Amino acid sequence: MFGPVNDTSSYPLLDACAPETPRHLADSLAAPATEGHYDELRGTVSSGARDGAGLAPAWDQFFGHLGAAGFRDLNRRIASVRRQVRDNGVTYNVYADDDSGPQRPWSLDLFPLIVPPESWRRIEAGVLQRVRVLDRVMADVYGDQTLLRSGLLPAALVQGHPGYLRPMHGVQPCGGTFLHIAAFDLARGPDGHWWVVSQRTQAPSGLGYLLENRLSISRQFPRAFETMQVQRLAATYRALVEGLKRMSPAGAGARIALLTPGPYNETYFEHAYLARYLGLPLVEGSDLMVRDRHLYLRTLQGLQPVHGLLKRLDDEFLDPLELRADSTLGVPGLLQAIRAGNLLVANVPGSAFLESPALLGFLPALARQLLGEELQLPAVPTWWCGEEAALADALPQLDQCVVKATYPTAFGARGTRPGIHSSFQTALGGSLSESERDAWAARIRSSADDYTLQTEMPLSQTPTWREVDGTDRILPRPAILRVFAVADGPRSWRVLPGGLARVAGAGDGDEIASMQRGGSSADVWVLAPGAVDATTLLRTGTAQAAEVAALALRRRTVTSRSAENLFWLGRYTERAENTVRLARLALQSLGGDDQSSLPLLAWITEMCIGNALVPAETPPAAQARRVFERTLIDALGQPGAGSALSNLGALRRAAASVRERMAQEHWNTIVHAEEDFARRAAQHAAEGSYPAADALRLLDAASSHLAAITGGQIDRMTRDDGWMLLSIGRLIERLAFLSPAMALGFETGAVRDEAGFEGILALFDSTITFRAQYQQSRDIPALLELLAIDRDNPRSLAWVAHTLRRRLARLAGHNRDDATPETALPLGLPEALAPDRWTLEGLCDTALQPAAGAGGDGTGGSAIVALLQDGADAAYALSDAIGARYFTHADSVGTSIGL
């Protein structure tokens, strides 16, 4: 889209205007806005032609700070923005996207939308007034309902709306505030004034993305950002969190969490980003439970009370007991906790009816009734077609209106009738033919309640840096501004001095600015009339000292869900490594010099079948070596359980659930490992020829990726309790894999065969170490010492057992040097992990015992096989015990719901 950063040959307009200053170049390079639209760059309504109006003062000042490189540097800056978006993993997905496809990078324009102080004063006053009205409307609707009885608010728009929640009637929220966050979408009309287009109250998005926008764009224009006195954002976010705590039942010491639907939500990045910025735990519904009408967070330390939720989940999914019964995203009994006054939820459930576009037409009268004031910030003229007078007035103007749905059509909450309302996309009357308008008019008349008409307003157009006909220039594009009001105390709000601008894409019309339709975003610079508020989220003075003291005692909260996903991330990482290593060893043995070793082939056959690399009915390698090899290669890229591809996919899914804990490079490696393996395996399968050499190269690449993933887990993740469980998961999987591998080595006689001996060393990844310590020895005691006893070898069974004991003790909160695991651990330690089970003398004695019924030929030792199998059984028993203790809290007593 943009030319090379250092290539000045692609700037013919710049070369022609070289002597001019950047502000003059901006005027020269900028195309005029569409006729009849307000031109943000020039601060006036556009005639559609260059009329010498010059730049608006704020933009004149902005371009004056471009520096010596001027416009020649803009492509470098936008490349930097895109790199930062990519490196930070900023994504935005829409529900129409393929869930299995790559996530969509967040789209961010280079130039901000600049709001001068005088415009912001009007916006701020109008938004504060509107949020007061909406809060009082909601209080009345769920209280006395005088507005409904008086007819100022039609009952059909409230009680007929699927977002109206009857279980919330009569509820008095904590702090007396219903709306803690409200978003208003504003459009600047041709008259230069801002008009309300829509409002969002249920779970408004944008508060996280606008922070990322600010961080990215302020770095590109640091001189302009500082000199133009752009208002900062941190004070408002801090006020939001402190206000939530003050209004919660526990006061300033409350635990507030951010509730997300999970990583498959379109704005999940924002949820994780906002939680980190605000210092709130990010939780899903499965992390929470209600007991005795109180909400608790499942953590590794047990159940911890939660006093407030900042929800990013639509209301209908919040409580499967009283709302949508098929919801797996909510918390059973959540509404009980709210009604009991034990939980603050921002926003209070049941606000979705306020989002209906039809409500905009009734707000002026409601403001007069509730506040005794006229609205300072007008809304775009809006008619609800459910009123006969409004229908008669609006239909003749259909060619000048936007047709919107009065009610959402995706609701299915208990007590509502899914599908009762018409489903359709917003339509622009001016873009319809006469016959299409007639068809729309007929549809509206047949189901008038479902339709709301809104005057089609020409959106103001803000400057963007785009390529036009091979030349980079400033191109005006339609934009909508989303601003946020947040509560900083009981029935007290402030407006965030910034916002999220949505900019129409090149393929959109002049009246559409939507991220879901391929648009982009822009930072919003609100200029301060005086000094800039330099408040940060960092505390100072006495508050800072108290925070430091608290941090010294605080243990990072790890939710049970995150812990479980980290545990399985460790297990799947280890399992994928084991699968790849075993498949490589099998293919190398089947095609190498050792293919005549019957014990080795028997051992490989049993290992591959036992680990689901080949089906159980596959002929043994000793009988049909080529068939076995072909089956093994074909299964590598199959989606079935146990395949290399399946394990890589499971690894990625587990990692996606704890994405917020990972460095971007770590996550990229995980994604690339699976995608590269799947692509190359599919390519070979499509070609119909898949030689063993190609399969080995595929496995080598996967092994390299897995080594990088392991490095990221060891060196790039905080070693808290969550990491401890990831490590424990890896160790359990290692023990469950290596113990049977050695047991099978004794059962098949592979340990007494030279090729089999080397194969076992290779599977334990200990060949180099063995040769360095024992040279050419092939003695079983030496093998057992390195692979079973050596506590310096991370692949030895004793090291695994010892490290498991230490990390379990640490997880339980005990000093690993002083406590004995038998007394320190909150769960019973399997006997097979006891230190006295892993001694060289004992293992050698059992190894030399002939197997029962073996005729004394010494091909196996039944005692050591049983001992090694005990190790595998202990691993699985330990996994179950950890799940019960830390993930499901099955050892906790009490009922889950307080009636």
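Residues numbered from 1 in each chain as written. Predicted model: local features only at pLDDT ≥ 70, side-chain atom pairs only at ≥ 80, totals over all residues. Heavy atoms only, no water.

A. Region of the structure containing the overall build of the protein. If you tally the helices and strands in the protein, you get 30 helices and 21 strands. Across the 899 residues of the protein, 57% fall into the buried class. Put simply, 71% of the contacts in the protein that link residues at least 6 apart link residues at least 24 apart. For the protein, the accessible area works out to roughly 35800 Å², and carbon and sulfur atoms hold 50% of it. (Helix = DSSP H or I, 4+ residues; strand = E, 2+ residues; numbered from the N terminus. Buried < 20%, exposed > 50% of the residue type's maximum accessible area, 1.4 Å probe, protein only. Contact = heavy atoms within 4.5 Å. Areas by Shrake-Rupley, 256 points an atom, 1.4 Å probe, with all protein chains shown as cover.)

B. Spatial organisation of the side chain of Gln145. In this fold, Gln145 is placed in the loop between α5 (117-141) and α6 (146-150). Owing to a relative accessible area of 15%, Gln145 belongs among the buried residues under this scheme. In terms of polar contacts, Gln145 uses its side chain to reach the backbone carbonyl oxygen of Val141, at 2.9 Å. Once residues lying within four places of it in the same chain are set aside, the contact partners of Gln145 are Asp140, Gln159, Tyr164 and His169. (Polar contact = N/O pair within 3.5 Å; in protein donor to acceptor, adjacent residues only side chain to side chain.)

C. Examining the sheet that holds strand β16 (residues 451-455) more closely. Here 4 strands make up an open sheet; going across it, the order is β13-β16-β14-β15 and the pairing antiparallel. Only two strands of the sheet have a single neighbouring strand rather than two, namely β13 (382-384) and β15 (427-428). Taken together, the 2 bridges between strand β14 (residues 401-405) and β15 define a ladder with antiparallel strand orientation. Following the sheet pairing, Val402 is matched in β15 by Leu428. Where helix α15 (residues 434-446) meets the sheet, its contacts fall on β14, β15 and β16, and the angle it forms with β16 comes to roughly 130 degrees. (Pairing = 2+ DSSP bridges. Axes fitted to C-alpha atoms, helices over the stretch in contact; angles between N-to-C directions.)

D. The environment of Arg86, seen in detail. As for its placement among the helices and strands, Arg86 is situated in helix α4 (residues 74-87). Residue class for Arg86 comes out exposed when judged on its relative accessible area of 52%. Sequence separation of Arg86 and Trp106 is 20 residues, and the distance between their C-alpha atoms is 8.4 Å.

E. Looking closely at the nonpolar core. One finds Phe62, Phe63, Phe71, Phe111, Phe221, Leu309 and Trp525 to be the most contacted residues of the largest nonpolar core, which totals 143 residues. Sorting elements by how many residues they give to this core places α5 first, with 10 residues. Leave out the neighbours within four places in its chain, and Phe111 touches Trp59, Phe62, Phe63, Leu74, Phe221, Pro463, Thr464, Trp465, Ile474 and Ala522. (Core = buried A, V, L, I, M, F, W, Y, C linked by side-chain atoms within 4.5 Å.)

F. A look at the pattern of salt bridges. Inspection of the entire model under this criterion finds 40 salt bridges. For Glu270, the salt bridge goes to Arg312, with nearest N and O atoms at 2.9 Å. Highlighted residues: Glu270 in helix α11 (residues 268-278) and Arg312 in the loop between β11 (308-311) and α12 (334-339), separated in sequence by 42 residues. Across the pair Glu758 and Arg778 runs a salt bridge, and its minimum N-O distance is 2.6 Å. Pair noted here: Glu758 is in helix α24 (residues 754-763) and Arg778 is in the loop between α25 (767-774) and α26 (780-789), with a separation of 20 residues, a long-range link. Each of the salt bridges in this network shares a partner with another, and the network as a whole consists of Glu574, Glu577, Arg730, Arg734 and Arg795. (Salt bridge = Lys/Arg side-chain N within 4 Å of Asp/Glu carboxyl O.)

G. Region of the structure containing the environment of Phe677. Checked against the element boundaries, Phe677 lands in helix α21 (residues 664-687). Relative accessible area serves as the criterion here: at 1%, Phe677 is assigned to the buried category. Spatially, the C-alpha atoms of Phe677 and Leu698 are 6.9 Å apart, while their sequence positions differ by 21 residues. Dropping the residues within four chain positions of it, Phe677 is found in contact with Leu636, Gly637, Ala644, Leu645, Leu648, Leu698, Leu699 and Ala702.

H. A look at the sheet that holds β11. Taken in spatial order, the 4 strands of this open sheet run β7-β6-β11-β12, and their pairing is parallel. Each edge of the sheet is formed by a strand with only one pairing partner; in this case those strands are β7 (282-283) and β12 (344-346). Alignment of strand β6 (residues 256-259) against β11, held across 4 bridges, turns out to be parallel. Note that in β11 the partner of Leu258 across the bridge is Leu310.

I. Highlighting the pairing of strand β21 (residues 520-526). Counting buried positions over the 7 residues of β21 gives 7, a clear majority of the element. Pairing geometry for strand β3 (residues 113-115) and β21, over 3 bridges, is parallel. Its bridge partner being in β21, Val115 is matched across the sheet by Val526. Sheet topology places strand β20 (residues 500-503) next to β21; 4 bridges connect them, and they run antiparallel. Across the sheet, Leu500 pairs through a bridge with Asp523, a residue of β21.

J. Just the packing of helix α17 (residues 560-591) against helix α30 (residues 862-887), in detail. Where α17 contacts α30, the two axes come as close as 10 Å, and the packing angle between them is 160 degrees. Looking at the two axes, α17 sits roughly antiparallel to α30. Here α17 runs over α30; the crossing is right-handed. Across from Ser560, Ala563, Glu564, Phe567 and Arg571 in α17, the residues of α30 making contact are Tyr876, Ser879, Ile882, Tyr886 and Phe887. In terms of residue class, the contact of α17 with α30 is made up of 6 nonpolar, 2 polar and 2 charged. (Parallel < 35°, antiparallel > 145°, perpendicular 65-115°, else oblique. Left-handed = near helix turned anticlockwise from the far one by under 90°. Nonpolar A, V, L, I, M, F, W, Y, C, P; charged D, E, K, R; others polar.)

K. Fine view of the pairing of strand β19 (residues 492-495). The alternating pattern of β19 places Trp493 and Val495 on a buried face and Ser492 and Arg494 on a face that is not buried. With 4 bridges joining them, strand β18 (residues 471-489) and β19 adopt antiparallel strand pairing. From the neighbouring strand, Gly489 faces β19, where its bridge partner is Ser492. Between β18 and β19, which pair antiparallel and follow one another directly, the connecting turn spans 2 residues, one of which, Arg491, has a positive phi of 50 degrees.

L. Spotlight on the packing of aromatic side chains. Summed over all chains, the structure comprises 26 aromatic pairs. For the ring pair Phe757 and Phe770, a centre distance of 5.5 Å and an interplane angle of 65 degrees mean the geometry is edge-to-face. Placement of the pair is Phe757 in helix α24 and Phe770 in helix α25, with a sequence separation of 13 residues. Exposure class is identical for Phe757 and Phe770. Each is buried. Ring pairing ties together the aromatic residues Trp59, Phe62, Phe63, Phe71, Phe111, Phe221, Phe225, Trp465 and Trp525, which thus form one cluster. Over the ring of Trp440 we find Arg443; its NZ or CZ atom is 4.3 Å from the centre of that ring. (Phe/Tyr/Trp six-rings, centres within 6.5 Å; stacked < 30°, edge-to-face > 60°. Lys NZ or Arg CZ within 6 Å of the ring centre and 35° of its normal.)

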